[in-house]
Amino acid sequence: MSRGTWTRVVALALLPPGLLCTAEAAQPERLPQPQRLPQPQPASRFTPKFEALAETRLLMEGLAQPNYRALEEHLQRKPADVDTWAFARGQALLVAETGNLLLLRPPRNQGRDTWMKQAMDMRQAAGALARQLGGRDYEGSKAAMASLTTACNRCHQTFRVPVKVAPQAAPGARDAE
Ligand code: HEC
């Protein structure tokens with residue numbers, strides 16, 4: 001008997017009888033060669049693809065405009081309670097996210113970079129407004145709202161959209177151009 005086997009016999013003798021079988025079973029005479037497990041497939045690259053579905057006009061009518069209008073109403077006087085601040089903050093964030101959606105819809109012909117920049121400006125302005133609303137800063141929120149208004153109108157001017165949004169203006173007011 002080799003020395004290793006003796007050591008094991010001694011070790012087994014010290015084990016309580018109940019454990020003997022399991023211990024023996026767990027110690028095969030020869031350790032198996034390290035198995036060559038099949039290599040996992042390299043994770044296949046998945047590239048998500050964004051896809052614009054709604055017309056820009058729909059985003060304006062369904063997201064930008066209603067949230068802009070509601071913000072404007074909320075800021076006509078200092079919001080009275082925490083819920084109103086929180087609600088208004090959410091609306092500003094929805095306008096900001098609309099900026100992300102606009103990034104998927106640059107004009108096909110020209111002005112792509114300008115469009116992207118102006119959509120990002122709107123996102124930035126709406127994000128800043130959300131932060132002011134989150135901090136319940138009334139003056140800061142009004143100033144941020146003015147910047148957002150500028151960001152909306154700058155894009156409309158650039159792309160010759162005859163719409164001028166303005167606080168207190170009648171809903172859907174259009175510039176005669
Ligand atoms: C990146 C450019 C861009 C930004 C920023 C932008 N708009 Fe527009 N907006 C457009 C375009 C383009 C149209 C014209 C869509 C059409 O009629 O096909 C439009 C149209 C509109 C209309 C008219 C929709 C209708 O019924 O014809 C309103 C209202 C409007 N936008 C509100 C806003 C508000 C509010 C904001 C800011 C919170 C804003 N937009 C920011 C590009 C922009």
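Our subject is the structure that appears above.
How each quantity is defined
- Residues numbered from 1 in each chain as written.
- Predicted model: local features only at pLDDT ≥ 70, side-chain atom pairs only at ≥ 80, totals over all residues.
- Near = placed C-beta within 6 Å.
- Helix = DSSP H or I, 4+ residues; strand = E, 2+ residues; numbered from the N terminus.
- Nonpolar A, V, L, I, M, F, W, Y, C, P; charged D, E, K, R; others polar.
- Core = buried A, V, L, I, M, F, W, Y, C linked by C-beta atoms within 7 Å.
- Buried ≥ 20, exposed ≤ 12 C-beta atoms within 10 Å, placed from the backbone.
- Contact = placed C-beta atoms within 7 Å.
- Axes fitted to C-alpha atoms, helices over the stretch in contact; angles between N-to-C directions.
- Parallel < 35°, antiparallel > 145°, perpendicular 65-115°, else oblique.
- Left-handed = near helix turned anticlockwise from the far one by under 90°.

Draft legend 1. Geometry of the site of the ligand. As a structural note, the neighbourhood of the ligand is formed by 23 residues, with R57, M60, Y68, C152 and C155 the closest of them. Residue assignment for the shell around the ligand shows that the elements contributing at least two residues are α3 (56-74), α4 (82-102), α5 (112-134) and α6 (138-158). Taken together, the residues that form the shell around the ligand break down as 16 nonpolar, five polar and two charged.

Draft legend 2. The arrangement of the nonpolar core in detail. Among the nonpolar cores identified, the biggest contains 24 residues, and A92, A125, A126, L129 and L148 are the most heavily contacted of them. Elements represented by at least two residues in this core include exactly α3, α4, α5 and α6. Examining the composition of this core, we find that seven residues originate from one element, α5, more than from any other. Aside from chain neighbours lying at most four places away, what touches A126 is A92, V95, A96, G99 and L148.

Draft legend 3. Representation of the packing of α5 against α6. Running from N to C, α5 and α6 cross one another at 165 degrees; their axes reach a closest spacing of 8 Å. Put simply, α5 runs roughly antiparallel to α6. The way α5 lies across α6 gives a crossing that is left-handed. Here T114, Q118, D121, M122, A125, A126, A128, L129, Q132 and L133 of α5 come into contact with α6, specifically with G140, S141, A144, M145, S147, L148, A151, C152, R154, C155 and T158. A class-by-class count of the residues in the contact of α5 with α6 yields 12 nonpolar, seven polar and two charged.

Draft legend 4. Region of the structure containing unusual backbone geometry. A positive phi angle, close to 50 degrees, is found at R136, a residue other than glycine. Of note, R136 is situated in the loop between α5 and α6. Look at R160: it is not a glycine, yet its phi comes out positive at around 55 degrees. Here R160 lies in the segment after α6. By C-beta crowding, R160 is classed as exposed, having 7 other C-beta atoms within 10 Å.

Draft legend 5. Summary view of the packing of α4 against α5. Packing of α4 against α5 brings their axes to within 8 Å, and their N-to-C directions diverge by 165 degrees. In terms of orientation, α4 and α5 fall into the roughly antiparallel class. With respect to the hand of their crossing, α4 and α5 are arranged in left-handed fashion. Here W85, A88, R89, A92, L93, V95, A96, G99, N100 and L102 of α4 lie close against α5, whose contacting residues are A119, M120, M122, R123, A126, G127, L129, A130, L133 and G134. A class-by-class count of the residues in the contact of α4 with α5 yields 14 nonpolar, four polar and two charged.

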